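# Reading the structure
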Amino acid sequence: MMHNSVGWHIELEFEEDDQHTRAVALVRLPDGSEIRAHGHATRHRVDANQPRVGEEIAGARALNELAMRLLTKAHEEIDQDSGRISHAIHV
């Protein structure tokens, strides 16, 4: 039975113009570290200007990169703690 409750808050910020949307994802971890990741979306010139769609794509890409960075961090911590090379962690 689990007794500890921990929460993480992930921040997503966007910058956009008529053609491009950039996203930055940030998570602050309980160990004091921060992990930041980026995502990008480009609107095709024949598509309607839908900023929310650009945010969804850029945000998803930033969150995907954030997930991969979290897996890498966890993998490095396992290796450091165990003193050996562990098996890769897959999504």
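A few points on the structure. Computed from a prediction, not measured in an experiment: that's the story for all the values here. (Residues numbered from 1 in each chain as written. Predicted model: local features only at pLDDT ≥ 70, side-chain atom pairs only at ≥ 80, totals over all residues. Heavy atoms only, no water.)

As a further point, take the overall build of the protein. A count of helices and strands for the protein gives one helix and three strands. Put simply, the protein runs from its N terminus to its C terminus through helices and strands in the order β-β-β-α. In terms of overall dimensions, the protein is more spread out than a globule: its C-alpha atoms have a radius of gyration of 17 Å, far above the 12 Å expected for 91 residues. Going through the 91 residues of the protein one by one, you find that 21% of them count as buried. By sequence separation, contacts in the protein at least 24 residues apart represent 37% of the contacts at least 6 residues apart. (Helix = DSSP H or I, 4+ residues; strand = E, 2+ residues; numbered from the N terminus. Rg over C-alpha atoms; globule rule 2.2 N^0.38 Å. Buried < 20%, exposed > 50% of the residue type's maximum accessible area, 1.4 Å probe, protein only. Contact = heavy atoms within 4.5 Å.)

Turning to the environment of Ser-33, a few remarks are in order. Relative to the helices and strands, Ser-33 resides in the loop between strand S2 (20-28) and strand S3 (34-42). Residues within four places of Ser-33 in sequence aside, it is in contact with Val-27, Arg-28 and Lys-73. Within the local environment of Ser-33, its side chain forms a polar contact with the side chain of Asp-31, the two groups lying 2.5 Å apart. (Polar contact = N/O pair within 3.5 Å; in protein donor to acceptor, adjacent residues only side chain to side chain.)

Turning our attention to the pairing of strand S1 (residues 10-16). Residues in a regular strand project their side chains so that they alternate between the two faces of the sheet. Here seven bridges tie S1 to S2, and the two strands are oriented antiparallel to one another. Across the sheet, Glu-15 pairs through a bridge with Arg-22, a residue of S2. Taking the residues that link successive antiparallel strands as the turn, the S1-S2 hairpin has three residues. (Pairing = 2+ DSSP bridges.)

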